[in-house]
Amino acid sequence: MSTQSVTAGRSRPPGSVRAVKQVPERVADVDWARASEELDARGCATLERLVTPAECDALAALYPEDAVFRSRVVMARHGFGRGEYKYFEYPLPDVVAGLREALYPRLAPIANRWNMAMGIEVRYPESHAAYLERCHAAGQVRPTPLLLRYEADDYNCLHQDLYGEHVFPLQVAILLSEPGRDFTGGEFILTEQRPRMQSRAEVVPLRQGDAVVFAVHHRPVQGTRGVYRVNLRHGVSRIRSGQRHTVGVIFHDAA
């Protein structure tokens, strides 16, 4: 299967009730005020049905196509957990490229507001193309979007996706498989380490095509004495049966 078959919003056959909306339209339809509030409150927000079932299936079917990817990682070899993932090569599949381009300008204002609250001087440009120019000028030129595959007893340890000096503070994971039909277990988990307090865990329920936006590294929290930073990590609990595919959309490139 070629990357061209994974389009950014394929139309239904003639006679269907309506055409599937293109990726930018679906992103524009998100209630971004609500998503921003959820990110501020919990460090994550769910975007329901962001990717169509047909797109999910087509993306998952790319996994055996090595020409689409630049590298493969077997998690157990590195102590990352169990399972494996592959980093896409440029050019990215249309859906992934479209999501990266359309989501970034919605998230950049949140990222800038967070950095301002935490006293971090870095600010992010309005377009993803401009941000990639910044990454590439610093030697971060390798694409970071990835496709993950888990099977029974696989899991992903808590981690952060940091690939160089330039790190965009939000990223997106999209579930390509349907819970209960394709796999059981395998919940997305986000943990938050608060200063001088116990860690807090958030389990995010997702269906096929749902996306979760979450903090990559840290986020601001308003305390009684002002704003402080909390450190976040994310992972996936043990797959109990079946097979689970996920696409990760990371906005900074890797060194």
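For the structure, check the block above.
Bear in mind that the values here come from a model prediction, so they are computed numbers and not experimental data.

*Asks:* Could you clarify how one ought to interpret the overall build of the protein in this entry?
*Replies:* Scanning the protein for helices and strands turns up six helices and 14 strands. Relative to the compact-globule value of 18 Å for 255 residues, the protein shows a C-alpha radius of gyration of 18 Å, a close match. Taken along its principal axes, the extent of the C-alpha atoms in the protein is 60 × 40 × 40 Å. A burial count over the protein gives 52% of its 255 residues as buried. Partitioning the intrachain contacts of the protein with sequence separation of at least 6 by distance along the chain shows that 76% fall at a separation of at least 24. In the structure as shown, the protein presents an accessible area of about 12,100 Å², 51% of it carried by carbon and sulfur atoms. Charge centroids of the protein, computed over 32 positive and 30 negative side chains, lie 5 Å from each other.

*Asks:* What's the story with the side chain of Asp-210 in this structure? I'm lost.
*Replies:* Relative to the helices and strands, Asp-210 is located in the loop between β10 (200-204) and β11 (211-215). Of the side chains with opposite charge, Arg-49 comes closest to the buried, unpaired Asp-210, at an N-O distance of 4.3 Å. Asp-210 has contacts with Leu-47, Glu-48, Arg-49, Ala-173, Ile-174 and Leu-175, leaving out every residue within four places of it along the chain.

*Asks:* Would you mind going over the layout of surface pockets with me for this structure?
*Replies:* Regions of empty space are outlined by a rolling probe, equal in size to a water molecule, passed over the atoms. Its volume calculated, the second largest pocket comes out at about 330 Å³. Forming the boundary of the second largest pocket are 25 residues, of which Leu-148, Asn-156, His-159, Asp-161 and His-234 lie nearest the centre. Take the lining of the second largest pocket: its biggest share by element is four residues, from strand β6 (residues 155-159). Across the lining of the second largest pocket, the residue classes tally to 15 nonpolar, eight polar and two charged.

*Asks:* I keep staring at the pairing of strand β7 (residues 170-175) and nothing clicks. Help me out?
*Replies:* Regular strands show a simple pattern: their side chains alternate between the two faces of the sheet. With six of six residues buried, β7 lies mostly within the body of the structure. Inspection of the sheet shows β7 paired to β11 by five bridges, in the antiparallel sense. Across the sheet, the residue bridging to Val-172 is Val-213, located in β11. With four bridges connecting them, β7 and strand β14 (residues 239-249) associate as antiparallel partners. Among the inter-strand pairings, Ile-174 is bridged to a residue of β14, identified as Val-247.

*Asks:* Looking at this structure, how should I read the pattern of salt bridges?
*Replies:* For side chains of opposite charge, pairing can occur when their charged atoms come near one another. Overall, the coordinates contain 16 salt bridges when judged by the stated rule. Of the charged contacts, one joins Glu-84 and Arg-149 as a salt bridge, the two residues approaching to 3.4 Å between their closest N and O atoms. In this pair, Glu-84 sits in strand β4 (residues 84-88) while Arg-149 sits in strand β5 (residues 146-151), placing the two residues 65 residues apart along the sequence. Assessed through its relative accessible area of 24%, Arg-149 is described here as partly exposed. Glu-192 is the partner of Arg-219 in a salt bridge, and the nearest nitrogen-oxygen pair spans 2.7 Å. You can see Arg-219 sitting in strand β12 (residues 218-223) and its partner Glu-192 sitting in strand β9 (residues 188-193), a full 27 residues away along the chain. Glu-192 shares its class with Arg-219; the two are buried. Through salt bridges with shared partners, a single network forms among Glu-192, Arg-200, Glu-202 and Arg-219.

Rules used throughout
Residues numbered from 1 in each chain as written. Predicted model: local features only at pLDDT ≥ 70, side-chain atom pairs only at ≥ 80, totals over all residues. Heavy atoms only, no water. Helix = DSSP H or I, 4+ residues; strand = E, 2+ residues; numbered from the N terminus. Rg over C-alpha atoms; globule rule 2.2 N^0.38 Å. Buried < 20%, exposed > 50% of the residue type's maximum accessible area, 1.4 Å probe, protein only. Contact = heavy atoms within 4.5 Å. Areas by Shrake-Rupley, 256 points an atom, 1.4 Å probe, with all protein chains shown as cover. Lys, Arg positive; Asp, Glu negative; His and termini not counted. Charge placed at Lys NZ, Arg CZ, Asp CG, Glu CD. Salt bridge = Lys/Arg side-chain N within 4 Å of Asp/Glu carboxyl O. 1 Å grid on protein atoms, 1.4 Å probe; cavity = no way out; pocket = protein on both sides within 12 Å on 5 of 7 lines; lining within 4 Å. Points joined across faces, edges and corners; volume = space filled by probe spheres on them. Nonpolar A, V, L, I, M, F, W, Y, C, P; charged D, E, K, R; others polar. Pairing = 2+ DSSP bridges.

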